There are 2 protein chains.
Amino acid sequence: VDEVAQRIAGARPTAVNLRWAMERMRRRARATSGDAAAILGALRAEAQAIWDEDRAMCSAIAEHGQALMRARIRVLTHCNTGALATGGIGTALGVVLRAAERGLDPEVWVDETRPLWQGARLTAWELGRAGVRHAVLPDSAAAALMAQGRVDLVLVGADRVARNGDVANKVGTYALAVLAHHHGVPFYSVAPTTSFDTACPDGARIEIEHRGAAEVAVPLGVRVAPAASAVFNPAFDVTPAPLVTGYVTERGVLHPPFEG
Amino acid sequence: VDEVAQRIAGARPTAVNLRWAMERMRRRARATSGDAAAILGALRAEAQAIWDEDRAMCSAIAEHGQALMRARIRVLTHCNTGALATGGIGTALGVVLRAAERGLDPEVWVDETRPLWQGARLTAWELGRAGVRHAVLPDSAAAALMAQGRVDLVLVGADRVARNGDVANKVGTYALAVLAHHHGVPFYSVAPTTSFDTACPDGARIEIEHRGAAEVAVPLGVRVAPAASAVFNPAFDVTPAPLVTGYVTERGVLHPPFEG
């Protein structure tokens, strides 16, 4: 169990709740006596508990996020933070979906989210399925929307939040934070407290995963950049706390520092 | 001639030097007497003159741009502004290529430039061919590079510069300008004065071309966004003059207002 948990936890270095969940599974295995079947049964129960709690956390986050919603609000988001990325209704996207359920008729600007198109492929699909008005855009076009006064609020997820409030999230998040600040648009991180790493003092200590060149140079299997060209492909970036208006969590809208 | 010139000039509404070149061809046709062969010969000579002048302008721009260069400078650029986009060595890219010819060993960060990948497909190819060190990145990753202090200078082209100095250029340029401003990185527009529209008072009067949804939703022929999703796909954006450090032209580095 230790070996497998370590392998899973090491698959992605930036997000912290994967490590948190693996640590919980290891603790449960250690606390269980009996044969392999007993341990497997305990691990299954723990996994189910984690899922149940995640659904409850998503729902509580969506509820607390309603404080930011109003009729026909125009929300810009990045990457995917819905049911496809969580155990429940989602985090940033969950706030919007809950507002739609309540009849607030929100409109969502969906960053396509290069290089893996999580916005175009996942978020747009979830919004379409829920009947929420939305439009997909190249990541670099978000600035023009803000300049035109067409974005009321930016909601993004978080892969890890440091004690001082610095947020590691999908690459492109930091650019949105700077742009939102420049245009006076509120910018909220939306994530469960299981994504908060109170042992990590600030964003500079967060390891950023860098991914292969092909995602950028050979998108969708088609080569666009010369094979000899170098590629810069960080999966995440760090948004400094001063650019974050607030942190929507299952405990409410919080502000740093975040103590353990 | 008038009819054809009007059709060509109307093909792209944002750039101004296409209209300028067509106007020049119409004037030349009007000033020529004789039969169709005489008029075609005159138009051919005018086209050749425009090309010769463009090459000379590119070369002069590259020369004036050397004032911004230094050994091993790290330049970030967007879209394509090299020999594939001009009649000569290029504009923004020409400055870098000239610096490389002079042995300054520049390094270029190349925004891939969604949705049409002009950076990955064209700029990276030109830089590779010239033996200039470079790396291609998702447009949204430029902010992380700036935060890490890895960008010394941003050089972009211009499709149209208004009298007050507002610059219309490839979508994503405005985001770079805001980010450069936030990080204290100099940001220069590099373009011939034929791209300056002194009759246009400011960027708000520049018509921005919006392009079809497929470029975003079906990149490289592969559908990534649901067919039912709306798409926001402006080809250009406007960078306000206060975010532009200077304007490199064939006449030197200029500052607004630009009089006719």
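Quick note: structure is the one above.
Residues numbered from 1 in each chain as written. Chains lettered and ligands numbered in written order. Predicted model: local features only at pLDDT ≥ 70, side-chain atom pairs only at ≥ 80, totals over all residues. Heavy atoms only, no water.

*Asks:* Tell me about the overall build of chain A, residues and numbers included.
*Replies:* Tallying secondary structure elements over chain A gives eight helices and 12 strands in all. In terms of overall size, chain A behaves like a compact globule, its C-alpha atoms giving a radius of gyration of 19 Å where 260 residues would be expected to give roughly 18 Å. When the 260 residues of chain A are sorted by exposure, 55% land in the buried category. As displayed, chain A has an accessible area near 10600 Å², and 53% of this comes from carbon and sulfur atoms. If the 27 positive side-chain charges of chain A are averaged to one point and the 27 negative ones to another, these points end up 2 Å apart. (Helix = DSSP H or I, 4+ residues; strand = E, 2+ residues; numbered from the N terminus. Rg over C-alpha atoms; globule rule 2.2 N^0.38 Å. Buried < 20%, exposed > 50% of the residue type's maximum accessible area, 1.4 Å probe, protein only. Areas by Shrake-Rupley, 256 points an atom, 1.4 Å probe, with all protein chains shown as cover. Lys, Arg positive; Asp, Glu negative; His and termini not counted. Charge placed at Lys NZ, Arg CZ, Asp CG, Glu CD.)

*Asks:* Talk me through the nonpolar core; I want residue IDs and the actual numbers.
*Replies:* Ranked by internal contacts, the top residues of the largest apolar core, which has 66 residues, are A:Val154 and B:Val154. Of all the elements in the fold, those that place two or more residues in this core are strand S3 (133-137), helix H6 (142-147), strand S4 (153-156) and helix H7 (173-183) of chain A together with strand S3 (133-137), helix H6 (142-147), strand S4 (153-156) and helix H7 (173-183) of chain B. Among residues more than four places away in sequence, those in contact with A:Val154 are A:Leu76, A:Met146, A:Leu176, A:Ala180, A:Val185, A:Pro186, A:Phe187 and A:Tyr188. Residues A:Met69, A:Val136, B:Ile73 and B:Val216 belong to the second largest nonpolar core, which totals 62 residues. (Core = buried A, V, L, I, M, F, W, Y, C linked by side-chain atoms within 4.5 Å. Contact = heavy atoms within 4.5 Å.)

*Asks:* Account for the relation of the copies chain A and chain B, naming residues and giving values.
*Replies:* The relation between the two chain copies is a rotation about an axis coupled with a shift along that axis. Under the fitted operation, chain A is carried onto chain B by 0.0 Å of movement along the axis and a turn of 180°, and the coordinates agree to an RMSD of 0.0 Å. Accordingly, the operation relating the two chain copies is best matched by a two-fold axis. Taking C-alpha positions as the reference, the residue of chain A nearest the rotation axis is A:Ser140, at 3.3 Å. When the interface residues of chain A are mapped onto chain B, 98% of them again fall at the interface, so both copies present the same face. (Least-squares fit on C-alpha atoms with pLDDT ≥ 70 in both.)

*Asks:* Tell me what's going on with helix H3 (residues 36-65) of chain A, and back it up with residues and numbers.
*Replies:* Along its 30 residues, H3(A) runs 43 Å from first to last C-alpha, staying within 8% of the 44 Å computed at 1.5 Å per residue. The complete set of buried residues in H3(A) reads A:Ala42, A:Leu43, A:Glu46, A:Ile50, A:Asp54, A:Met57, A:Cys58, A:Ile61, A:Ala62 and A:Gly65. (Expected span 1.5 Å × (residues − 1).)

*Asks:* Explain the side chain of A:Thr193 residue by residue, including any values.
*Replies:* Residue and element names in this part refer to chain A. Of note, Thr-193 is situated in the loop between strand S7 (187-190) and strand S8 (196-197). Take Thr-193: its relative accessible area is 14%, and that puts it in the buried class. For Thr-193, the residues in contact, after removing those within four places along its chain, are Thr-249, Glu-250, Arg-251 and Leu-254.

*Asks:* Talk me through the pattern of salt bridges; I want residue IDs and the actual numbers.
*Replies:* One pass over the structure, following the stated rule, counts 42 salt bridges over all chains. The partner of A:Arg24 in a salt bridge is A:Glu53, with the nearest N and O atoms 2.7 Å apart. Taken as a pair, A:Arg24 in helix H2 (residues 17-31) and A:Glu53 in helix H3 lie far apart in primary sequence, 29 residues in all. Using a relative accessible area of 35% as the deciding quantity, one classes A:Glu53 as partly exposed. Its salt-bridge partner being B:Arg133, residue B:Asp105 comes within 3.1 Å of it at the nearest N-O pair. Residue B:Asp105 is located in the loop between helix H4 (92-101) and strand S2 (107-111), and its partner B:Arg133 is located in strand S3; the two are separated by 28 residues in the primary sequence. (Salt bridge = Lys/Arg side-chain N within 4 Å of Asp/Glu carboxyl O.)

*Asks:* Mind laying out the interface of chain A and chain B, listing which residues take part and the relevant values?
*Replies:* Each partner contributes to the interface: chain A provides 46 residues, whereas chain B provides 45 residues. Around 3600 Å² of area is buried between chain A and chain B when both sides are counted, 73% of it from carbon and sulfur atoms. The largest share of the area that chain A buries against chain B comes from A:Ser140, A:Val224 and A:Phe232, three residues that together contribute 19% of it. Taken together, the links from chain A to chain B amount to two salt bridges. In this structure, B:Glu112 engages A:Arg114 in a salt bridge whose closest nitrogen and oxygen atoms are separated by 2.6 Å. Across the chain A-chain B interface, the total number found is 10 residue pairs in polar contact (both at pLDDT 80 or more). (Buried area = accessible area lost by both parts, 1.4 Å probe. Polar contact = N/O pair within 3.5 Å; in protein donor to acceptor, adjacent residues only side chain to side chain.)

*Asks:* Describe in detail a nonpolar patch on the surface, supporting the description with residues and values.
*Replies:* On the surface, A:Leu220, A:Val222, B:Leu220 and B:Val222 cluster together into a nonpolar patch covering about 240 Å² of accessible area. Note that A:Leu220 resides in the loop between helix H8 (214-217) and strand S9 (230-231). (Patch = residues over 30% accessible without salt bridge, like charges linked within 9 Å, V, L, I, M, F, W, Y side chains within 5 Å.)

*Asks:* Requested: an account of the pairing of S4(A), with residues and values cited.
*Replies:* All names here are of chain A. The two faces of S4 match: Leu-153 and Leu-155 on one face and Val-154 and Val-156 on the other face are all buried. Two elements, strand S1 (residues 74-77) and S4, share three bridges in a ladder whose sense is parallel. For Val-75, the partnering residue across the bridge sits in S4 and is Leu-153. Relative to S7, S4 runs parallel, the two being bridged by three bridges. By the bridge assignment for S7, Val-156 is matched with Ser-189. (Pairing = 2+ DSSP bridges.)

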